[in-house]
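# Fold and geometry: a report
For reference, the chains in residue letters:
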Amino acid sequence: MRELSRLILIGPPGAGKGTQAQRLAAELDGLHLSTGDLFRANVRNETPLGLKAKGYMDRGELVPDDVVLAMVEDKLAATFPPGRTARFVLDGFPRTVVQAEALDQMLMRRGELLEQVFLLDVPRAELMRRLAGRLTCSACGKVAPASDPVRTHCPACGGLFAVRPDDRPETVTRRLEVYEAQTAPVVDYYRKDGRLAVIDGMGDVADVAQRLAAGVGAAASGGPA
Ligand code: AMP
């Protein structure tokens, strides 16, 4: 069985990408790279990149491709300098076909390939239910588990739980439209070249993690996920 090193979790907002990518990256001993988290950290720290991204994020629109690509390339180069094999789970990137093609080229320049993409499949009504009232730590970005008793502070870092500005209902609707228009074609991009596996994203975190682990196992042994 080959070892998988470079994976993507793709799916609409609220599908559980962040939670699952964090777990999977820890299991694979790789980097969990969430472009949304990177942007939010830049917004919090009021960096030039954050100032550039904030307006798009608040409206539920995508940050322009060139800005996202420069940020991802910098992060990969800093984490995996020449000679070090890249090991990562990407979450929230790529979100356009331009980004997907650029990622393939970026990796090709490093002599590496993206091995597998997992689509977390969750029906729209369930996404709306999950996103309405979702609480996120305003300091570290951890999502408050729905199964936990409601609390005001993050168990991981002590930061305050709050509704993410782009989880407000009107922005959620826009984010879902943007996903359908710009990110669904990325799913087709990977489906066409055989790198896509669809994972049922319904149920609790542990159930989905188990299905994902089975998908990783199947991809590693070269069979259908
Ligand atoms: P997320 O946390 O992944 O839902 O991302 C939050 C917001 O950050 C998105 O609604 C976009 O405004 C922006 N963003 C994150 N990743 C990307 C990306 N790959 N391309 C463009 N915009 C992004």
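### Re the nonpolar core
Membership of the largest hydrophobic core comes to 32 residues, with the highest contact counts inside it found for I8, F39, F88 and Y190. For this core, the elements supplying multiple residues, two or more each, are β1 (6-10), β2 (31-34), α3 (48-59), α4 (65-79), β3 (88-91), α5 (97-110), β4 (116-121) and α7 (169-192). If you tally residues by element for this core, the top one is α4, at six residues. With residues up to four places along the chain from it excluded, the contact list for I8 reads L90, F93, P94, L103, L114, Q116, V117, F118 and Y190. L9, A25, L127 and L212 belong to the second largest nonpolar core, which has 23 residues in total.

### Some remarks on the site of the ligand
Around the ligand, 16 residues are found, and the nearest of them are T35, R40, E61, G92 and Q99. In this structure, Q99 approaches the ligand through a side-chain N or O atom, which is 3.0 Å from a nitrogen atom. A distance of 3.3 Å separates an oxygen atom of the ligand from a polar atom in the side chain of R164. Considering the ligand on its own, with 480 Å² of exposed area, one finds that the protein chains cover 96% of that surface.

### Some words on the sheet that holds β1
The strand order β2-β3-β1-β4-β7 describes an open sheet built from five strands, whose pairing is parallel. Strands with a single pairing partner mark the edges of an open sheet, and in this sheet they are β2 and β7 (196-200). Going from strand to strand, the sheet's axes swing by 20 degrees on average, the running direction of each strand aside. As judged from the five bridges shared by β4 and β7, these two strands associate in the parallel manner.

### With respect to the pattern of salt bridges
One pass over the structure, following the stated rule, counts 18 salt bridges. In this structure, D188 and R191 form a salt bridge, with 2.9 Å as the shortest nitrogen-oxygen distance. Of the two residues, D188 and R191 are both situated in helix α7; the distance of three residues between them amounts to about one turn of the helix. Among the residues examined, R191 registers a relative accessible area of 45% and is labelled partly exposed. One salt-bridge network, in which partners are shared between bridges, spans R134, R164, D166, D167 and R175.

### Observations regarding the layout of surface pockets
Here the second largest pocket defines a volume of roughly 310 Å³. Forming the walls of the second largest pocket are 15 residues, and the residues nearest its centre are R40, V43, R44, R164 and P165. Broken down by secondary-structure element, the contributors of at least two residues to the lining of the second largest pocket are α2 (35-44), α3, β5 (135-137) and β6 (161-163). In terms of residue class, the lining of the second largest pocket is built from six nonpolar, three polar and six charged.

Calculation notes
Within each chain, residues carry numbers counting from 1 in the order of the written sequence. For this predicted model, a pLDDT threshold of at least 70 governs which residues receive local features, and a threshold of 80 or more governs which side-chain atom pairs are given and counted, while totals over whole chains, interfaces and linings are taken from all residues. Hydrogens are left out, water is left out, and the side-chain values use all remaining heavy atoms of the structure. Working definition of a nonpolar core: buried Ala, Val, Leu, Ile, Met, Phe, Trp, Tyr and Cys residues. They are joined through side-chain atoms within 4.5 Å. Residue exposure (1.4 Å probe, protein chains only): buried if accessible area is under 20% of the type maximum, exposed if over 50%, otherwise partly exposed. Helical segments are the DSSP runs of H or I of at least four residues, strand segments are the runs of E of at least two, and each set is numbered from the N terminus. Contacts: residue pairs with any heavy atoms within 4.5 Å of one another. Whether a residue is near a molecule or strand depends on its heavy atoms: if one lies within 4 Å, it is near. Two N or O atoms count as a polar contact when they lie within 3.5 Å, although within protein this holds only if one can serve as hydrogen donor and the other as acceptor, and sequence-adjacent residues are included solely when both atoms are side-chain atoms. All accessibility values rest on the Shrake-Rupley procedure with a 1.4 Å probe; residue burial counts only the protein chains present in the view. In this description, strands pair whenever DSSP reports at least two bridges between them. To define axes, lines are fitted to C-alpha atoms, for helices over the stretch in contact only, and angles between the resulting N-to-C directions are given on a 0 to 180 degree scale. Here, a salt bridge means any side-chain nitrogen of Lys or Arg that lies within 4 Å of a carboxyl oxygen of Asp or Glu. For each structure, a 1 Å grid was placed over the protein atoms alone; sets of points admitting a 1.4 Å probe that cannot get out are labelled cavities, open sets with protein on both sides within 12 Å along at least five of seven lines are labelled pockets, and lining residues have an atom within 4 Å of a point. Grid points are joined across faces, edges and corners, and a volume is the space filled by probe spheres set on the points. Throughout, the ten residues Ala, Val, Leu, Ile, Met, Phe, Trp, Tyr, Cys and Pro are labelled nonpolar, Asp, Glu, Lys and Arg are labelled charged, and all others, Gly among them, are labelled polar.

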